[in-house]
Amino acid sequence: MSAPHHLFFAPCPSGLEAVLVEELEHLGAMTIHATQGGVSFQGSFTLGYHVNLESRIASRVLLQLSRENYQDEQDIYHATRDFPWWEWFSVEQTIKVKVQAKKCPLKSLDFVTLRIKDAVCDAFMKKKQARPNVDTHAPDIQIMGFLDDQTFTVYLDMTGEPLFKRGWRQARIEAPLRENLAAGLVKLSGWTKDQALVDPMCGGGTILIEAAQMARRVAPGLGRGFAFQKFRGFDARLWETICRASIAKQALTTPLSLYGSDRNAAALQVANTNCRNLGLSETITLQQGDVLHLQSPHEEGFLITNPPYGIRIGEYAELAKFYPLFGDVLKKKYCGWQAYIFSSDRRVPKMIRLLPTKKTPLFNGDLECRYYEFKLVSGGHRKSRRTASVAPEEMGKA
Ligand SMILES: C[S@@+](CC[C@H](N)C(=O)[O-])C[C@H]1O[C@@H](n2cnc3c(N)ncnc32)[C@H](O)[C@@H]1O
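Note that the coordinates shown come from a computational prediction; the quantities given were computed from them, not determined experimentally.

Here is what the cut-offs are and how they apply
- In every chain, residue numbers begin from 1 and rise along the written sequence.
- Only residues with pLDDT of at least 70 are given local features in this predicted model, and only at 80 or more are side-chain atom pairs given and counted; all residues enter the totals for whole chains, interfaces and linings.
- Just so you know, side-chain values use all the structure's heavy atoms and leave hydrogens and water out.
- Helix and strand definitions here come from DSSP, where helices need a minimum of 4 consecutive H or I residues and strands a minimum of 2 consecutive E residues; each element is numbered from the N-terminal end.
- In what follows, a contact means two residues having at least one pair of non-hydrogen atoms within 4.5 Å.
- Here, proximity means that at least one heavy atom of the residue falls within 4 Å of the molecule or strand.
- Counted as a polar contact is a pair of N or O atoms within 3.5 Å, where, for protein atoms, one must be capable of donating a hydrogen and the other of accepting one, and residues adjacent in sequence contribute only when both atoms are in side chains.
- Accessible areas in this description were obtained via Shrake-Rupley with a 1.4 Å probe; residue shielding takes into account the shown protein chains only.
- Ten residue types, Ala, Val, Leu, Ile, Met, Phe, Trp, Tyr, Cys and Pro, are classed as nonpolar, four, Asp, Glu, Lys and Arg, as charged, and the remainder, Gly among them, as polar.
- Here, the term nonpolar core denotes a set of buried Ala, Val, Leu, Ile, Met, Phe, Trp, Tyr and Cys residues that are joined through side-chain atoms within 4.5 Å.
- Residue burial is assigned from relative accessible area. The probe radius is 1.4 Å, only protein chains are included, and a residue is buried under 20% of its type maximum, exposed over 50%, and partly exposed in between.
- An automatic or database domain assignment supplies the start and end points of every domain.
- Put simply, a salt bridge is a Lys or Arg side-chain nitrogen that is within 4 Å of an Asp or Glu carboxyl oxygen.

Turning to its location among the elements, Asn274 is positioned in helix 8 (residues 265–277). Beyond its immediate stretch of four places on either side in the chain, Asn274 contacts Trp168, Arg169, Gln170, Ala171, Gly204 and Ile209.

And the structure:
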């Protein structure tokens, strides 16, 4: 534990790796490498505390304990059994082992998981004459194994409940965006706190809430618990100092222009409750209404939204009617704005009859989505190719 440098891996929603790299650079991480679905980095053990507290994009923070070549389950067992686990946690604490793999030649990951669990228990048995219990639901300590075709890496999960569970979402709606994905959408758009931001189909308000907390510099991890607090040697004083320093940097009175609306009264009530819980009722203006009938609140700004996906056939057809009308609204009422639409529905640009200026592939869990950028310019600005977002057949109609 005294080694000055540690290796970490932070998984994140696929497509947000570059944004996570920026965050990690800002937090002082070194030797940062993005791979699909996460970013590895190095730094002091304390950096792990900081990333857990401050990252809006990571899903969790894993501390790398070892990496070895392997050929079979026996190699994995021996590498795990020879590790001094008792330096990290005590035998009274419960454990869970989770294994993931890419191109792993071994037959059964369940068997690998079992061998790792046996190895940890045997290591404790040899050293302490007792073995830790397994708790697959709410373990004190989660051990993660990752196998590729040749190497076996063991991590200790520093996070526990994933980082997108910030602790503020007490009221729920159907299909809310995960908080780290919503934060990623805001960051990818380039929105800054001095610009207006609208989500006209805001549901529980996740996008606006993440934007507000980002602008007010409220660390997403404040007030929640982390797995590292159960590690042997957890420095509670240092953790308190880090949290206090983060609170001291908050800018709660930053003036912001954030607007949310939704046609569904129940969704809006959830957004209201979420905002109230976070002290954001005065910061985010919420209104019930249909996006097709509301006016834009400013001359220019950012519109970021995650419209409903059509899962059932009826919904799919309904959306085909909705999108052209939404496209008309964008052209008529949001001229001068930048619009960002996050959807798994590949028909979006065609249906709203606008050419996206950017299309970023992003995953919402396992669902492959696109994040479309539309720069909505008035007729006079259509010369530049990048901003000519109105589709040719629509020119003149907007
Ligand atoms: C996928 S959800 C948005 C979830 C939201 N991003 C969140 O994290 O909570 C889509 C929302 O669009 C709303 N909606 C659908 N059609 C609408 C319309 N025409 N005008 C306003 N809101 C609409 C639905 O009520 C729903 O709350």
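There is more to say, and it comes next.
Around the ligand, 22 residues are found, and the nearest of them are Leu177, Gly204, Thr206, Asp262 and Val291. At 2.6 Å from an oxygen atom of the ligand is found a side-chain nitrogen or oxygen belonging to Asp262. Within the side chain of Asn306, a nitrogen or oxygen atom sits 3.0 Å from a nitrogen atom of the ligand. The protein chains hide 92% of the 600 Å² of surface that the ligand would expose on its own. The residue inventory of the shell around the ligand, partitioned by class, reads 12 nonpolar, seven polar and three charged.

Let us now look at the nonpolar core. Core analysis: the largest hydrophobic core is formed by 85 residues, its most contacted members being Trp85 and Ile143. When we break this core down by domain, the ones giving at least three residues each are domain 1 (6–157) and domain 2 (179–220 + 251–394). What Trp85 contacts, discounting residues up to four positions off in sequence, is Leu65, Thr80, Val120, Ala123, Phe124, Ile143, Val154 and Leu156. Among the nonpolar cores identified, the runner-up in size contains 23 residues, and Val198, Met201, Val291 and Ile341 belong to it.

It is worth spelling out the pattern of salt bridges at this point. A full pass over the atoms with the stated rule returns 17 salt bridges. Arg131 serves as the salt-bridge partner of Asp122, at 3.3 Å between the closest nitrogen and oxygen. Residue Arg166 is joined to Glu210 by a salt bridge in which the shortest nitrogen-to-oxygen separation is 3.0 Å. Here Arg166, found in the loop between strand 7 (151–157) and helix 5 (179–189), pairs with Glu210, found in helix 6 (residues 206–215); they are 44 residues apart in sequence, far enough to count as distant. The same class applies to Arg166 and to Glu210, which are both buried. Among the ionic contacts, a cluster of salt bridges with common partners joins Arg56, Arg166 and Glu210.

Our focus in this paragraph is unusual backbone geometry. Of note, Lys103 is a non-glycine position whose phi angle comes to about 60 degrees, a positive value. Here Lys103 lies in the loop between strand 5 (95–101) and helix 4 (109–128). Using a relative accessible area of 73% as the deciding quantity, one classes Lys103 as exposed. Despite not being glycine, Gln129 has its phi angle at roughly 55 degrees, a positive value. By the element assignment, Gln129 lies in the loop between helix 4 and strand 6 (141–147). For Gln129, a relative accessible area of 56% puts it in the exposed group.

Purely spatial values, then, with no claim about function.
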